[in-house]
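Now for the letters of each chain:
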Amino acid sequence: MIGTELLDRVVGADATGWGVLLCAPFVGSFLGVVVRRLPEGRPIAWVRSRCECCGTALRVRDLVPLYSWLAAGGRCRYCGHPLGWFYPGIELSALAVALAALAVDGGEMTWLDCFFGWWLLALGWIDMRRWLLPDALTLPLVIAGLAAAAAFDPEQLTARALGAALGYLSLRLVALLYRALRGRDGLGHGDAKLLAASGAWVGAMALPQVVLGAAVSALAAAACLRLAGVRLGAHSALPFGPFLALATWLIWLLGPFFI
Ligand SMILES: [Zn+2]
């Protein structure tokens, strides 16, 4: 059972394991700030300092991830304005990333799995909210992938550099073809840069599976939306970034689904 195995891993976690689990909600909280502020060009400080409704400066006890939200019943303690699910949602997602990394990997590389997963989480979430994959996040992720290869897996460095190049070029080519055939943009530049980052982490050989996994999960999501009564026509679309991010991280964590 995956559940019992996960429980065993968590209970038997070493310092690394507990470190990622304890950090995860705080990282999630920080990612929330990045997701909200980066696309607007607002400065990113560690804490969200004011209630966005009443403007009251928040104290440390208002900023404890998950706990503050639960303790105040999901409302601002000062004005009662509902805080919404955004912060607890991203804090729990960051915790889920840490739990998955711990369950699957559990070794010294757990920090790297989490670092990559948290970064992709922020990118996917921004794309979901804003239809945007900022260069400030995609480009450093390409460099981080190659640096991680150089540090931990030097034999794979060439394959991963090739992956970055092929990732970018292949989606640019698809985007140009789509534009030529349909006369409108179907894929953004950001998607190509995200796939470049993906290639820099999982390598050239795994890239087709990333694209396939992302396409299948996007179709599944579209089918679910349709079942839920949301109509998606030929001229509406889903952002592709969250699906690319998810497929990339799963392949990084679990290895290619088929060789
Ligand atoms: Zn307030």
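See above for the structure.
Residues numbered from 1 in each chain as written. Predicted model: local features only at pLDDT ≥ 70, side-chain atom pairs only at ≥ 80, totals over all residues. Heavy atoms only, no water.

(A) Just the coordination of the zinc ion, in detail. Here the zinc ion is held by Cys51 (SG), Cys54 (SG), Cys76 (SG) and Cys79 (SG), and the distances to it run 2.3 to 2.4 Å. In primary sequence terms, the donor set of the zinc ion follows C-x2-C-x21-C-x2-C. Classification of cysteine 79 by relative accessible area gives partly exposed; the value is 35%. (Donors = N, O, S within 2.8 Å, 3.2 Å for Na, K, Ca; no water. Buried < 20%, exposed > 50% of the residue type's maximum accessible area, 1.4 Å probe, protein only.)

(B) Representation of the packing of aromatic side chains within the structure. Considering all chains together, one arrives at eight aromatic pairs under this definition. Relative to tryptophan 125, the ring of phenylalanine 86 lies with its centre 5.8 Å away and its plane at 90°, an arrangement referred to as edge-to-face. Pair noted here: phenylalanine 86 is in helix α4 (residues 86-104) and tryptophan 125 is in helix α5 (residues 110-130), with a separation of 39 residues, a long-range link. Both residues of the pair, phenylalanine 86 and tryptophan 125, count as buried. Pairing phenylalanine 115 with tryptophan 201 gives two aromatic rings, centres 6.4 Å apart and planes at 35°, and the pair type is tilted. Here phenylalanine 115, found in helix α5, pairs with tryptophan 201, found in helix α8 (residues 189-202); they are 86 residues apart in sequence, far enough to count as distant. Look at phenylalanine 115 and you get partly exposed, because its relative accessible area is 36%. Joined through ring pairs, the aromatic side chains of Phe115, Phe116, Trp119, Trp201 and Trp252 make up one cluster. (Phe/Tyr/Trp six-rings, centres within 6.5 Å; stacked < 30°, edge-to-face > 60°. Helix = DSSP H or I, 4+ residues; strand = E, 2+ residues; numbered from the N terminus.)

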